Amino acid sequence: MSSTQNHHEQLKTLLSQRDWDNAQALWLELAEQFPDQPEFLLQLVKEFADAGQPVVAAELASLIADNIKAAGKHHEWLYALKLQTEAHPSDKQLRAQIIEAVNEIYEKDPRLKTILTASELDQNRTPLPLAVSRIDTLLALQPNAFCQHKSWGFGRVKSFDATLGQVVVAFAHNPSHSMQLKYAAESLKPVSQDHVEVRKTTDLDGLKRLAAEEPVELLRQTLLSLNRSTTSDRIEAMLSGSIVPADQWKKWWDNVRKLAKKDPHIDLPVKKTDPIVLRTAPVSQQDEILEAFRTAKGLIQKTSVAREFLKRIDDMDNADLLIQEFQDALLDALNKTPISRQPERIEAAVILEQLGRHRQAAVDDGGAFLTNLLSGIYNLSSLLDDLSSSAAKRVLAVLKTSAPDRLFQEFNRFSTKVLDEIPDLMGQRAAAIKQWVHNQTAGAELLCWIARNVSTPSSRKAWPWLDDFQTPALLLAVVEAIEAAPTKSANKKLRDVLFEEGELVADLLAEADPETVRKLTRLIMSSSAIEELDRRSLMARIVKEHPFVQEFLISKTVKEQPLVVSWGSYRKRQAELEDIVKKIPQNSKEIGLARSYGDLRENFEFKAAKDMQKLLMRRRAELEGLLARAQATDFADVKTDLVSIGTSVTVTDVDAKQSQTYHILGAWDSDPARGIISYPAALAQSLLNKHLGDTIEWKGDTGLQKFRIDRIEKAPTEILNAL
């Protein structure tokens, strides 16, 4: 390698590392060392421009422009002047020099005078970059040259008329499209004959051979045709069908990606939506990802880069050394991250495990590191919801082995997303979960998961234990949970699973006795949480299987009893009613405004506003009815000589010898995870008015169960305050 080539490579290395100061210092040293080689120095200046440093390139180009001119290198001189235009767009001396250089180079082109006039280069108000761009475009628009318009696609120049000041281009939509020169200069982009779209017209067979024999070279030419950067979708649109058969595209593209990973000039992103880039200087994947990791700030960024590294690890050289650096730095960042930021720490711990498994001398610790971190986390359900899907799966896998009982304790708090990952573990505790359902203490998310999967044949086939839940008790629990749902989102989830699973109601009531069906019907008809249309839909399904319940639809004699509610839940519904009352006038204004838009048959805004009006009015009526029936209390005067509303009751399963405490509170109070049940719930109704030492019989799906009342006391203050 010659001396100048060696220096050139040194400069490109510094620029690839973004070491701008040392790169500029090296160029200045070389300018002193090679004052008689201005062309070589100009090549180095171009590297600065390509690296995204136009201001530095302009400064360096100004230092050698005169020497290049004196050497008679007029094309190089013009290029050096162009490099300066971005930094000095209005410089009069630079404008004069560019005019001089253009006249010197293109003096024999008969179109030159017309082109200069159209470019407005001689007018000081025209920015130099714009004027120079116009000149370059118009000079390239010679007969038979190719160009591209953003709307009309590719075309071929038929003629350039300097007298009339226009160019005629053959486009697909018009074989003789005339354009004024100034408009052509700003709307057309000259393209070389090597452009892939041009070669489709002139050398399609050559492109097909390239696709078969040198696919990476075709990718490189495609990227050059698309300004060195584009998405895989854009590449597919350009090549699939015309150059690569559409039915072979996926196989061809997978092979190209595999080969291109080894090309240091091509930057292949992991995400499909990110652009593929043809670099001006080669950079290995290893150097690129290592630099990104070393400059990443904080645990989140380092974890993200390490995750990308794992996706590319099979293509890395000396992977073991890199893994060690990633592990050391990631562990250091994890230890410096506050314990309060547990999701970030767990995500990093999962990546650390994966890095360790790629070591040549890997030692599987069985998740000991993760287990240790998880031991200090108390709100496991909240943590799992905050983790990525892959990290959550790993945490669950570790806990299944190290602490299955801990998972069981959280079943009633897990989201359906988490429950999807542990159906096998749920099957091991199916009897206990079934008892929760029967006692109506199962949480909303758990009920949603069971109901959704019970109605899915593939789920029941995969997990036979679900067959035991296909009973009326599940339907009763869902309806009760809808009424007592603590949040709107929980209410919506339960309603969705009930009404969207078409055969669920019929399947669950298939073996129900008449009394159970009547009980369910009464619940539905008296529910304030189920809207009228949904209530009718649900009743229609029940009537189809059990016609005798039509009496409820005909008489509508369900008596509305007063509702005992806590002050906390009363105020929440009162606040919701006040909010709705405030929204109604604004909604009326929106209806009036939407009506002014015209034809109501196709007026989306009007329809949406009217639908909102119905929703607001219906909900206001529901809340007003509920609040009218409500009797708010703080449970201060509750007596504990028998089970009543406002008491906490500890019961023991006589056979299983297991104890559980329930807090029986108002009609709108329910939090099964904390043992809070509303007094209309079936279990609460069985306990009310019973005394200490009494034994109640609870009819479960497996037969009668006996519960002994061991303690009756006032509901704790902390429970009441949390309502």
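Quick caveat: nothing in here was measured; it's all calculated off a predicted structure.

**Describing the side chain of Gln342**
Moving on, step 1. Tracing the backbone through its elements, the reader meets Gln342 in helix H18 (residues 342–357).
Moving on, step 2. According to the relative accessible area criterion, Gln342 is buried, its value standing at 12%.
Moving on, step 3. If near-sequence neighbours (up to four positions away) are discounted, Gln342 is found in contact with Ile377 and Leu383.

**Re the confidence of the model for the chain**
Moving on, step 1. When the pLDDT values of the chain are averaged, the result is 85; 93% of them are 70 or greater.
Moving on, step 2. Counted against residues more than four places away or in other chains, residues 555–559, with its pLDDT under 50, gives three contacts.

**A short note on the nonpolar core**
Moving on, step 1. Core analysis: the largest hydrophobic core is formed by 92 residues, its most contacted members being Ile346 and Phe411.
Moving on, step 2. Among the elements that make up this core, the one with the highest residue count is helix H28 (residues 472–484) (eight residues).
Moving on, step 3. In contact with Phe411, other than residues within four places in its own chain, are Leu419, Ile422, Leu425, Met426, Arg429, Ile433, Trp436 and Leu446.
Moving on, step 4. Leu41, Val56, Ile105 and Leu112 belong to the second-largest nonpolar core, a separate cluster that totals 55 residues.

**Regarding the sheet that holds strand S7 (residues 266–267)**
Moving on, step 1. Spatial ordering of the open sheet is given by S6-S8-S7, a layout of three strands whose pairing is antiparallel. Taken across any chain shown, the strands that pair with only one partner, and hence form the sheet edges, are strand S6 (229–230) and S7.
Moving on, step 2. Sheet topology note: the S6/strand S8 (residues 276–278) ladder contains two bridges and is antiparallel. Within the sheet, the bridge partner assigned to Ser229 lies in S8 and is Val277.

**As for the pairing of strand S1 (residues 146–149)**
Moving on, step 1. In terms of strand pairing, S1 meets strand S2 (residues 153–161) through four bridges, oriented antiparallel. The residue bridging His149 from the neighbouring strand is Gly153, located in S2.
Moving on, step 2. Here S1 hands over to S2 after three residues, the two strands then running antiparallel side by side.
Moving on, step 3. With four bridges connecting them, S1 and strand S5 (residues 188–191) associate as antiparallel partners. Bridge pairing in S5 places Gln148 opposite Lys189.

**Section: the pattern of salt bridges**
Moving on, step 1. Counted according to the given criterion, the structure contains 30 salt bridges.
Moving on, step 2. A salt bridge links Asp254 to Lys250, with the nearest nitrogen and oxygen atoms 3.1 Å apart. In this pair, Asp254 and Lys250 are both assigned in helix H14 (residues 249–260), four residues apart and thus about one turn of the helix distant.
Moving on, step 3. For Asp254, a relative accessible area of 40% corresponds to the partly exposed category.
Moving on, step 4. The closest approach of N and O atoms between Asp332 and Lys336, which form a salt bridge, is 3.1 Å.

Cut-offs applied
- Residues numbered from 1 in each chain as written.
- Predicted model: local features only at pLDDT ≥ 70, side-chain atom pairs only at ≥ 80, totals over all residues.
- Heavy atoms only, no water.
- Helix = DSSP H or I, 4+ residues; strand = E, 2+ residues; numbered from the N terminus.
- Buried < 20%, exposed > 50% of the residue type's maximum accessible area, 1.4 Å probe, protein only.
- Contact = heavy atoms within 4.5 Å.
- pLDDT = per-residue confidence, 0-100.
- Core = buried A, V, L, I, M, F, W, Y, C linked by side-chain atoms within 4.5 Å.
- Pairing = 2+ DSSP bridges.
- Salt bridge = Lys/Arg side-chain N within 4 Å of Asp/Glu carboxyl O.

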